[in-house]
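# Understanding the architecture of this molecule
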Amino acid sequence: MFPDLPSFRADEQFLHALGRAGGICDCGDVGDTSESLGDAAAGWPIFGQFVAHDITADRSILQSQTRTEALLNARSPKLNLENLYGDGPTGQPFLYQRDDPAKFLLGPQGADLQRNVEGTAIIGDPRNDSHMLISQLHLAMLKAHNAFVDEARVAGMPNDSAFIEAVRQLQWHYQWIVLHEFLPSLVGSTLAAEVLRDGPQWFRPDHGGFIPLEFADAAYRYGHCQIRHRYQLNSQTDPLPLFPDLLGFRAVPHQHMVDWKLFFDAPERTSAQRSKKIDGKLVRPLIELPIAVTGDVEIEDYHSLAVRDLQRGQGVGLPSGETVARHLGIEPLTAEQVGIASAGWSGETPLWYYILREADICTGGNYLGPVGGRIVAEVLVGLIDADSTSFRCSDRNWQPHKTLSELLAS
């Protein structure tokens, strides 16, 4: 996104000291409190992870220096639900019902994703089985597609057209939700409205779009900071941590079924649980990720998602947060506001961590600040505007007839 800015470099020991267990990014075992929770509903960072898996898939290994020209995005840079549809009923028929290929195949009684004999989900993106919140969100989106198929048939469409219409309806609803429900909660309503009205100033995607490294490896990793210590899944189950209790790659037990009303606010209501503030600190389950998520790692600190985020950003040569702020004409945070001197560092700040601290200083941790918000808003709006099949390119006057809460209830 900013190819001419110099790369940030720091001693990797500093990055590890910043992100490892007991480091500055570790918020410890303190529970969720009114002081630690922000304004965003608890489901939005899970939805944000779903969006990330739709538009990005970097399968490169963590390393000190990455040849960015060799990086391959295994996803198309479009908000088109590729992680749901895969190659469609013809290319990946195992995702769809044999006797009704317009609809997705679900698990028994539609209570879970379809799974193999080892319990691993058979879906378009295996990352959407990494924990039980994301797997159940994926399931809800599959059900929403199937509901749109039923609507198309009720309207008199033949079977071959019903699938195409259901895809269009779900994609356009999803894109609208990203821009008009999700984005304002993430960057603030003022910045979201500005970018939607005026278009991106800094992000200039080519035809078909691309994913900037500043987005994929820094700004859009904000959600790691919003994960709570514990989640109330339903009215019967006690609050549970994401890991290890909700680890995926296995069938979802009945007691772990999600009531989405506890994760997303209904219109005119704010009854859902709230996300943790964006403040630069991650909960212990993300600082000590299980092997099932990280795989066997030679470096113990790579079990920390914070270390992995910091390492990834430095590996691809991202600029410092202060450098990006100055480039955008924004007054950078002071060293005191960033607060990493205690880790033995007196230089500038890794972009990922800077964006987290900026959110805390500028918005009280409720949403992204001016640097992080600008990057995220411009990329999400820019990708949708670069897609000729999106609702903004096809029909600017189109309006959805379902909110996210209503989709999840399909």
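An account of the accompanying structure is given in this report. Residue numbering note: each chain is counted from 1, following its sequence as written. With pLDDT at 70 or above as the cut-off, local features in this predicted model cover only qualifying residues; side-chain atom pairs require 80 or more to be listed or tallied, and sums for whole chains, interfaces and linings still use all residues. Excluding hydrogens and water, the side-chain values take into account all heavy atoms of the structure.

### Examining the overall build of the protein
Quick note on the threshold: Runs of E in the DSSP output that reach at least two residues are strands. Runs of H or I that reach at least four are helices, and both are numbered from the N terminus. Radius of gyration: C-alpha atoms only; globule rule: 2.2 Å multiplied by the number of residues to the exponent 0.38. Throughout this description, buried means an accessible area under 20% of the type-specific maximum (1.4 Å probe, protein chains only), exposed means over 50%, and partly exposed covers the range between. In what follows, a contact means two residues having at least one pair of non-hydrogen atoms within 4.5 Å. Per-residue accessibility takes into account occlusion by the displayed protein chains alone, with areas from the Shrake-Rupley method and a 1.4 Å probe. The sign given to each residue is positive for Lys and Arg and negative for Asp and Glu; His and the chain ends receive no count. One atom stands in for each charge, and that atom is NZ of Lys, CZ of Arg, CG of Asp or CD of Glu.
Helix and strand counts for the protein come out as 17 helices and 2 strands. For the protein, whose C-alpha radius of gyration is 21 Å, the value lies close to the compact-globule estimate of 22 Å for 410 residues. In terms of its C-alpha atoms, the protein occupies a principal-axis envelope of roughly 65 × 45 × 45 Å. Buried positions account for 56% of the 410 residues belonging to the protein. Contacts in the protein between residues far apart in sequence, at least 24 positions, make up 74% of those at least 6 positions apart. If you sum the accessible surface of the protein, you get close to 17400 Å²; carbon and sulfur atoms cover 51% of it. Here the protein carries 34 positive and 52 negative side-chain charges, and the mean point of each set is 2 Å from the other.

### Comments concerning the packing of helix 2 (residues 44-55) against helix 5 (residues 132-154)
Inclusion rule: Lines fitted to C-alpha atoms define the axes here, with helix axes fitted over just the stretch in contact, and angles between the N-to-C directions of these axes take values from 0 to 180 degrees. Between 65 and 115 degrees an angle is taken as roughly perpendicular, under 35 as roughly parallel, over 145 as roughly antiparallel, and anywhere else as oblique. Polarity classes work like this: nonpolar for Ala, Val, Leu, Ile, Met, Phe, Trp, Tyr, Cys and Pro, charged for Asp, Glu, Lys and Arg, and polar for all others, with Gly in that last group.
Two elements in contact, helix 2 and helix 5, have axes whose closest approach is 10 Å; the angle formed by their N-to-C orientations is 70°. Between helix 2 and helix 5, the crossing angle belongs to the class labelled roughly perpendicular. Along the contact surface, helix 2 presents Ile46, Phe47, Gln49 and Phe50, while helix 5 presents Leu133, Ile134, Leu137, His138 and Met141. The residue makeup of the contact of helix 2 with helix 5, split by class, is 7 nonpolar, 2 polar and no charged.

### As for helix 7 (residues 189-198)
Heads up, the rule is: Directions are taken from the helix axis to each C-beta atom, and the arc is the one they span.
Residues of helix 7 that are buried include every one of Leu191, Ala192, Val195 and Leu196, and no others. The buried side chains of helix 7 occupy one side of the element, clustering within an arc of 130° when seen end-on. Facing away from the buried side of helix 7 by more than 90 degrees, the exposed set consists of Ser189, Thr190, Arg197 and Asp198. Buried residues in helix 7 make contact with helix 6 (159-187), helix 15 (370-386) and helix 16 (391-394). Within two residues after helix 7, Gly199 carries a phi angle of roughly 80°, on the positive side.

### Re unusual backbone geometry
What you tend to see is this: most non-glycine residues have negative phi, and most peptide bonds are trans. A cis geometry characterises the amide bond from Phe243 onward to Pro244, with omega recorded as 5°. Tracing the backbone shows Pro244 in the loop between helix 8 (213-216) and strand 2 (274-276). Its identity is not glycine, yet Leu81 carries a phi of approximately 65°, on the positive side. We classify Leu81 as buried; its relative accessible area is 0%. Positive phi, close to 60°, is recorded for Gln109, a residue that is not glycine. With respect to the secondary-structure elements, Gln109 resides in the loop between helix 4 (88-91) and helix 5.

### Considerations on the state of the cysteines
Selection rule: Pairs of cysteine sulfur atoms within 2.5 Å are what we label disulfides.
If you walk through the whole model with that rule in mind, you get 0 disulfides. Here Cys25 stays free of any disulfide, with the sulfur of Cys225 as its closest cysteine sulfur at 8.0 Å. What makes Cys25 buried here is its relative accessible area of 0%.

### Considerations on the packing of aromatic side chains
Put simply, the test is: Aromatic pairs are defined between Phe, Tyr and Trp rings, using the six-membered ring for Trp, whenever the two ring centres lie within 6.5 Å; interplanar angles under 30 degrees are classed as stacked, those over 60 as edge-to-face, and all others as tilted.
Enumeration according to the criterion identifies 22 aromatic pairs in this entry. On the numbers, 6.2 Å between centres and 65° between planes, the contact of Phe47 with Tyr174 is edge-to-face. Here Phe47 is found in helix 2, whereas its partner Tyr174 is found in helix 6, with 127 residues between them in sequence. Look at Phe47 and you get buried, because its relative accessible area is 1%. Given a relative accessible area of 1%, Tyr174 falls into the buried group.

### Quick look at the side chain of Asp100
Note the following rule: The definition of a polar contact used here is a pair of N or O atoms within 3.5 Å, where within protein one atom must be able to donate a hydrogen and the other to accept one, and adjacent residues in sequence count solely through side-chain atom pairs.
Mapped onto the elements of the fold, Asp100 is located in the loop between helix 4 and helix 5. A relative accessible area of 17% places Asp100 in the buried class. In terms of polar contacts, Asp100 uses its side chain to reach the side chain of Arg153, at 2.6 Å.

### What to know about the nonpolar core
Across soluble globular proteins, you tend to see nonpolar side chains buried next to one another. The following threshold applies: Residue types Ala, Val, Leu, Ile, Met, Phe, Trp, Tyr and Cys, when buried and joined through side-chain atoms within 4.5 Å, form a set referred to as a nonpolar core.
Among the nonpolar cores identified, the biggest contains 122 residues, and Phe47, Tyr220, Val376 and Leu380 are the most heavily contacted of them. The greatest single-element share of this core, amounting to 15 residues, is contributed by helix 6. Beyond its immediate sequence surroundings of up to four residues, Tyr220 is in contact with Gly48, Val51, Ala52, Phe182, Leu186, Phe215, Val376 and Leu380.

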